[in-house]
Amino acid sequence: MNLQMKPITTEKAVLMIESQNVLTFQTGKEATKHAIKKEIEGLFNVKVEKVRTLIEKGKKYSYVKLKKEFPALDVATKLGIM
């Protein structure tokens, strides 16, 4: 399944990375929470605690909270966000 995941790099998203250990992605509307979790864990070798989604203005956003032992800052650095 192609999830069409694109990282969000707004000031709010960066603040969430630093304070809440949460990564933000824009995903395709057909992407499920389970599929998003599997994709993130496979791509970045991390464990996901929770996935929240939001559909706004025809776009789907996913908020991926990582487990405490996996800093979101490290993943953001790999993605070139930080």
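Coordinates for the structure precede this section.
A short tour of the structure in this document, coming up.

1. Here's the deal with the pairing of strand S4 (residues 59-66)
Taken residue by residue, a regular strand's side chains alternate between the two faces of the sheet. Taking burial as the measure, the eight residues of S4 include six buried ones, the bulk of the element. Here six bridges tie strand S2 (residues 22-27) to S4, and the two strands are oriented antiparallel to one another. Bridged to threonine 24 within S4 is tyrosine 63. Here eight bridges tie strand S3 (residues 48-56) to S4, and the two strands are oriented antiparallel to one another. Following the sheet pairing, glutamate 56 is matched in S4 by lysine 59. Between S3 and S4, which pair antiparallel one after the other, the connecting turn spans two residues, and lysine 57 there sits at a positive phi close to 55°.

2. Describing the side chain of threonine 27
Positionally, threonine 27 belongs in strand S2. Among the polar contacts made by the side chain of threonine 27, one reaches the side chain of serine 62 at a distance of 3.3 Å. Threonine 27 has contacts with Leu3, Gln4, Met5, Ile36, Lys60 and Ser62, leaving out every residue within four places of it along the chain.

3. Comments concerning the sheet that holds S2
With respect to topology, four strands assemble into an open sheet ordered S1-S2-S4-S3, the strand pairing being antiparallel. Two strands lie at the open edges of the sheet, namely strand S1 (6-7) and S3, each paired on one side alone. Contacts between helix H1 (residues 11-20) and the sheet are confined to S2, S3 and S4, with S2 contributing the most and set at about 145° to the helix. Helix H3 (residues 72-79) contacts S1, S2 and S4 of the sheet and is inclined by roughly 45° relative to S2.

4. Side note on the environment of tyrosine 61
Assignment of secondary structure puts tyrosine 61 in strand S4. Here tyrosine 61 falls in the buried class, since its relative accessible area comes to 18%. When the C-alpha positions of tyrosine 61 and phenylalanine 25 are compared, they lie 5.7 Å apart, and in sequence the two are 36 residues distant. Aside from chain neighbours lying at most four places away, what touches tyrosine 61 is Ile8, Phe25, Gln26, Arg52, Thr53, Leu54 and Glu56.

Rules and cut-offs
- Sequence order sets the numbering: in each chain, residues are counted from 1 along the sequence as written.
- Totals for whole chains, interfaces and linings use all residues, but because this is a predicted model, local features are given only for residues with pLDDT of at least 70 and pairs of side-chain atoms are given and counted only at 80 or more.
- Side-chain numbers come from the whole structure's heavy atoms, not from hydrogens or water.
- The cut-offs for exposure are 20% and 50% of the maximum accessible area for each residue type, with area from a 1.4 Å probe on protein chains only; residues under the lower value are buried, those over the upper are exposed, and the others partly exposed.
- For helices the rule is a DSSP run of H or I covering at least 4 residues; for strands it is a run of E covering at least 2, with both sets numbered from the N terminus onward.
- In short, DSSP must find at least two bridges between two strands for them to pair.
- N or O atoms closer than or at 3.5 Å make up a polar contact, with two conditions inside protein: a donor-capable atom paired with an acceptor-capable one, and, for residues adjacent in sequence, both atoms drawn from side chains.
- Should any heavy atoms of two residues lie within 4.5 Å, those residues are counted as being in contact.
- Axes, fitted as lines to C-alpha atoms, cover a helix only where it is in contact. Angles between the N-to-C directions of the axes lie from 0 to 180 degrees.

On their own, these measurements won't tell you what the molecule is for.
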